[in-house]
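# Per-entry structural report
What follows is each chain in one-letter form.
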Amino acid sequence: MKQKRVTIIGAAFVAFAVLVFRPGFAAAQISSDTRQLNIDSFEHVWKTINDRHFDPTFGGLDWQAVHDELRPKVENAQSVDEARGAMTDMISRLHQSHFAIIPADVYENIEAPAAKGDRGGSTGIQTRVIDGKAIVTSVGPGAPAERAGVRPGWEIRSVKGTEIPPLFPPIEKEFEKNPRKDFYLSYAVRTRLGGAIGDTLVVTFIDERDRPRDMTMILEEPKGKKVIFGNLPPFYLTFSADTLRDDIGYFAFSSFFDPVTLMPAFGNAMTAFMRSPGIVIDLRGNPGGIAGMGLGMANWFVEEKNVAMGTMRTRSDTLKLVTSPRARVYRGPVAMLVDGLSGSSSEIFAGGVQGLPRVRIFGSRTAGATLPSLVERLPNGDGFQYAFASYISRNGVELEGKGVTPDVEIRPTREALLEGRDPALEAAVDWILDRHYKGN
């Protein structure tokens, strides 16, 4: 089978989590041909990492011993699921993001949606887990949840009869000191709120008066522009430009994809904000995408040429990321909002400008998943995502496994959401106005 390969600089963190909470596949018996394809796939995964991993010592891991331990499991696997599990076990030994085995049926949905059906149904709900509860943080305009009357601050108690709170303690324990904990917690909710377009979903909420509310929603295609990037699952690009109080500019976007659409939109917003007392760039919930887009965005507000935004290191080369300012740049304060669902290119962007005199980061620690990666198809039809470089921020911090720690740490609360407030955004606005009125 011919492999398909695409380079993804700072690939989005979403693909890494495809198998984390995915239900098991049917354990159908496999033919000798399928078995050989699984073996070939295993060998390809092992050899690719052996030859291309940015750290030739694999962090002290005996990579040959891992191969010798797990290959027999693939050879003796009685199902594709079992073989896939052995490969997932192998790459998990690296304890790094952006390594994943992505099931073949995901690609089948991408490549032939008319035949297989698009399962990307959405309620329009965004959630975060706060104090052990799944809390609605936003509801998309015109989405099924908005039409049903769902409001930010409501708790999601159950989905299709499955109680949600019991999902969290094992995840909290497993990822207690891991910056990706917020991502995994939210992903556990997100997967249960999904399904095929047209599916009916019954969700029990706890409203602002702590009353249970059963609501039925029909899943729809997510809002935004559908973006297919290489072999990754589809993303839906949304962005918004707005003016906050005292003419502060605000720009938010869902991912670093589709530069032909997003970069002009960002440029138009920055041009409109040139006389604003400050600008807020909202990266919360943004899983990343093409890292070079963040560098292009920074060129709108970093005045100096060749300012270091970090370094990418491969097995054989080192690439320094530096700014090249535009002819007209914004010279006021810039606040960035991040949270535990800000991953990959969002972290490279935020980590690259953190510490600059006119920039301050607000929110909560990011996902710590910053490795640039590639995605390709394996002989057995599965996808294989692997990191080929590490990233070190301009401050000399390797953000993988650590994340970007905000200059001002503020986490959302249910009380604030129910009141229609956004504490991180409020703090960013206060900082901008303080600098503006003091003439800084």
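Description of the structure in this document. Predicted model only: the values in this text are computed from it and were never measured.

## Some words on the environment of isoleucine 130
Its location among the elements puts isoleucine 130 in strand 3 (residues 125–130). Overall, isoleucine 130 belongs to the buried group, its relative accessible area being 11%. Counting along the chain gives 284 residues from isoleucine 130 to arginine 414, while the straight-line C-alpha distance between them is 7.3 Å. Setting aside residues no more than four positions away along its own chain, isoleucine 130 makes contact with Ile135, Pro412, Thr413, Arg414 and Leu417.

## Focus on helix 3 (residues 80–92)
The end-to-end C-alpha distance of helix 3, which contains 13 residues, comes to 18 Å, matching closely the 18 Å that a straight helix rising 1.5 Å per residue would cover. Looking at helix 3, one finds that the buried residues are Ala83, Arg84, Ala86, Met87, Met90 and Ile91. The arc that holds the buried residues of helix 3, viewed along the axis, is 155°, so those residues lie on one side.

## Re the packing of helix 1 (residues 32–52) against helix 2 (residues 63–75)
Two numbers describe how helix 1 lies on helix 2: the axes approach to 10 Å, and their chain directions differ by 170°. The orientation of helix 1 relative to helix 2 falls into the category roughly antiparallel. Taken together, the residues of helix 2 that come into contact with helix 1 (itself represented by Arg35, Asn38, Ile39, Phe42, Glu43, Trp46, Ile49 and Asn50) are Trp63, Gln64, His67, Leu70, Arg71, Val74 and Glu75. Classifying every residue of the contact of helix 1 with helix 2 gives seven nonpolar, four polar and four charged.

## Topic: helix 1
The terminal C-alpha atoms of helix 1, which comprises 21 residues, lie 30 Å apart, in line with the 30 Å expected from a rise of 1.5 Å per residue. For helix 1, the set of buried residues is Asn38, Ile39, Ser41, Phe42, His44, Val45, Trp46, Thr48 and Ile49. Looking at the buried side of helix 1, the elements it contacts are helix 2, helix 3, strand 2 (100–102), strand 18 (373–377) and strand 19 (383–387).

## Quick look at the pairing of strand 4 (residues 133–139)
Pairing analysis gives six bridges linking strand 3 to strand 4, with the strands arranged antiparallel. Paired with arginine 128 across the strands is isoleucine 135, a residue of strand 4. Between strand 3 and strand 4, which pair antiparallel one after the other, the connecting turn spans two residues, and aspartate 131 there sits at a positive phi close to 55°. Relative to strand 5 (residues 155–159), strand 4 is paired through two bridges, and the arrangement is antiparallel. In the strand pairing of strand 5, isoleucine 135 is matched with glutamate 155.

## A few points about the packing of aromatic side chains
Within this structure, the stated rule accounts for 13 aromatic pairs. On the basis of an interplanar angle of 25° and a centroid distance of 5.6 Å, the ring pair of phenylalanine 58 and tryptophan 63 is categorised as stacked. Just as phenylalanine 58 is buried, tryptophan 63 falls in that class too. Between the aromatic rings of phenylalanine 239 and phenylalanine 251, the centroid separation amounts to 6.3 Å while the plane-to-plane angle is 20°, which identifies the pairing as stacked. Separated by twelve residues along the polypeptide, phenylalanine 239 in strand 11 (residues 239–243) and phenylalanine 251 in strand 12 (residues 249–253) bring together distant segments of the chain. Classification of phenylalanine 239 as partly exposed rests on a relative accessible area of 38%. Ring pairing ties together the aromatic residues Phe239, Phe251, Phe253, Phe256, Phe266, Phe301 and Phe349, which thus form one cluster.

## So, the environment of lysine 133
On the secondary structure map, lysine 133 appears in strand 4. For lysine 133, a relative accessible area of 37% puts it in the partly exposed group. Each C-alpha atom, one on lysine 133 and one on arginine 157, is 8.0 Å from the other, the two residues being 24 residues apart in sequence. Those residues in contact with lysine 133, other than ones at most four positions away along the chain, are Arg128, Glu155 and Phe168.

The rules behind the values
Starting afresh in each chain, residues are numbered from 1 along the sequence in its written order. With pLDDT at 70 or above as the cut-off, local features in this predicted model cover only qualifying residues; side-chain atom pairs require 80 or more to be listed or tallied, and sums for whole chains, interfaces and linings still use all residues. The side-chain quantities take in all heavy atoms of the structure and omit both hydrogens and water. Helix and strand assignments come from DSSP, with helices taken as H or I runs of at least 4 residues and strands as E runs of at least 2, each series counted from the N terminus. The buried label applies to any residue whose accessible area, calculated with a 1.4 Å probe on protein chains only, is under 20% of its type's maximum; exposed applies above 50%, and partly exposed to all values in between. Residues are treated as being in contact if the distance between any of their heavy atoms lies within 4.5 Å. Here the expected span of a helix is defined as 1.5 Å times the quantity of residues minus one. Working definition: the arc comes from the directions between the helix axis and the C-beta atoms, pointing outward to the latter. Whenever a helix is involved, its axis is fitted only over the stretch in contact; in every case the axis is a line through C-alpha atoms, and angles between N-to-C directions fall within 0 to 180 degrees. These descriptions rest on fixed angle ranges, namely under 35 degrees for roughly parallel, over 145 for roughly antiparallel, 65 to 115 for roughly perpendicular, and the rest for oblique. Polarity classes work like this: nonpolar for Ala, Val, Leu, Ile, Met, Phe, Trp, Tyr, Cys and Pro, charged for Asp, Glu, Lys and Arg, and polar for all others, with Gly in that last group. Think of it this way: DSSP has to see at least two bridges between two strands before they count as a pair. Only Phe, Tyr and Trp rings are paired, with Trp represented by its six-membered ring, and only when their centres lie within 6.5 Å; those with planes under 30 degrees apart are stacked, over 60 edge-to-face, the remainder tilted.

Honestly, that's just the spatial picture; any functional story needs more than this.
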